[in-house]
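Geometric and topological summary
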Amino acid sequence: MNKDILLRQVHPAHFPNNTLSSGAFRPTPSDKDQLSVDCGNMTTPKLSFELHKKKTRQKPDGTTVHLETVGTWGFTRDLCHTENLRVLPDPIVGDTSQPDNIAHHLVDFSSITGKNSKKKNDTVAKRLRQQALEIGQLWPIEKQE
């Protein structure tokens with residue numbers, strides 16, 4: 001895997017009608033301006049996908065569910081640099097809600113500030129999505145017949 005590719009898992013909500021949404025590349029308010037990715041030179045798209053599906057979260061009613069993903073897409077560290085987004089190592093070790101993941105990184109959107117920061121986040125997310133589309137879905141790979 002190219003060391004410059006950052007791997008992003010896409011929730012089904014960000015893949016309506018089999019169309020990749022830019023929302024998959026924008027942190028939500030609860031993410032505190034941090035987008036979760038795996039570093040492509042430390043893992044593979046398949047392993048990233050499988051590991052993500054082993055993570056759990058607790059629902060408001062107290063039940064535990066596994067996280068969902070429709071697939072792995074990627075964008076480059078270079079694009080993050082161009083957009084003034086820092087990419088920070090954030091290895092996960094010893095968290096009972098998810099397996100260890102030394103490849104885990106965060107893309108830091110906090111440098112996007114000002115009164116139009118939400119619009120700027122949307123614009124950057126659209127550029128990340130565009131590059132992910134150009135690279136193509138990395139896992140699962142559909143067999144071409």
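As the structure is a computational prediction, the values presented were derived from the model and not from experiment.

Before going further, it helps to spend a moment on the nonpolar core. Among the nonpolar cores identified, the biggest contains 21 residues, and F25, F75, L85, V107, F109 and L128 are the most heavily contacted of them. Listing elements by their share of this core, those giving two or more residues are β1 (5–10), β2 (34–39), β5 (71–76), α2 (77–82) and α3 (117–135). Ranked by residue count, the leading element in this core is α3, at 4 residues. Contacts of F75, omitting those with residues within four sequence positions, involve D4, I5, L6, R8, F25, L35, V37, C80, V107, L128, Q131 and I135.

A few words now on the environment of A13. Note that A13 resides in the loop between β1 and β2. On a C-alpha basis, the gap between A13 and T69 in space is 9.3 Å, while along the polypeptide they are 56 residues apart.

Attention shifts here to α3. Between its first and last C-alpha atoms α3 spans 27 Å; for 19 residues at 1.5 Å apiece the expected length is 27 Å, and the two agree. The inward-facing, buried residues of α3 contact β5 and α2.

Another point: the side chain of D122. Following the sequence through the fold, D122 ends up in helix α3. For D122, a relative accessible area of 18% gives the class buried. At a separation of 3.0 Å, a polar atom in the side chain of D122 contacts the side chain of R26.

Counted by the stated rule, this structure contains 2 aromatic pairs. Aromatic side chains F15 and W73 sit 5.4 Å apart centroid to centroid with 50 degrees between the ring planes, which places their arrangement in the tilted category. Here the residue F15 occupies a position in the loop between β1 and β2, and W73 occupies one in strand β5, the gap between them amounting to 58 residues. Exposure class is identical for F15 and W73. Each is buried.

Thresholds applied
Residues numbered from 1 in each chain as written. Predicted model: local features only at pLDDT ≥ 70, side-chain atom pairs only at ≥ 80, totals over all residues. Heavy atoms only, no water. Core = buried A, V, L, I, M, F, W, Y, C linked by side-chain atoms within 4.5 Å. Buried < 20%, exposed > 50% of the residue type's maximum accessible area, 1.4 Å probe, protein only. Helix = DSSP H or I, 4+ residues; strand = E, 2+ residues; numbered from the N terminus. Contact = heavy atoms within 4.5 Å. Expected span 1.5 Å × (residues − 1). Polar contact = N/O pair within 3.5 Å; in protein donor to acceptor, adjacent residues only side chain to side chain. Phe/Tyr/Trp six-rings, centres within 6.5 Å; stacked < 30°, edge-to-face > 60°.

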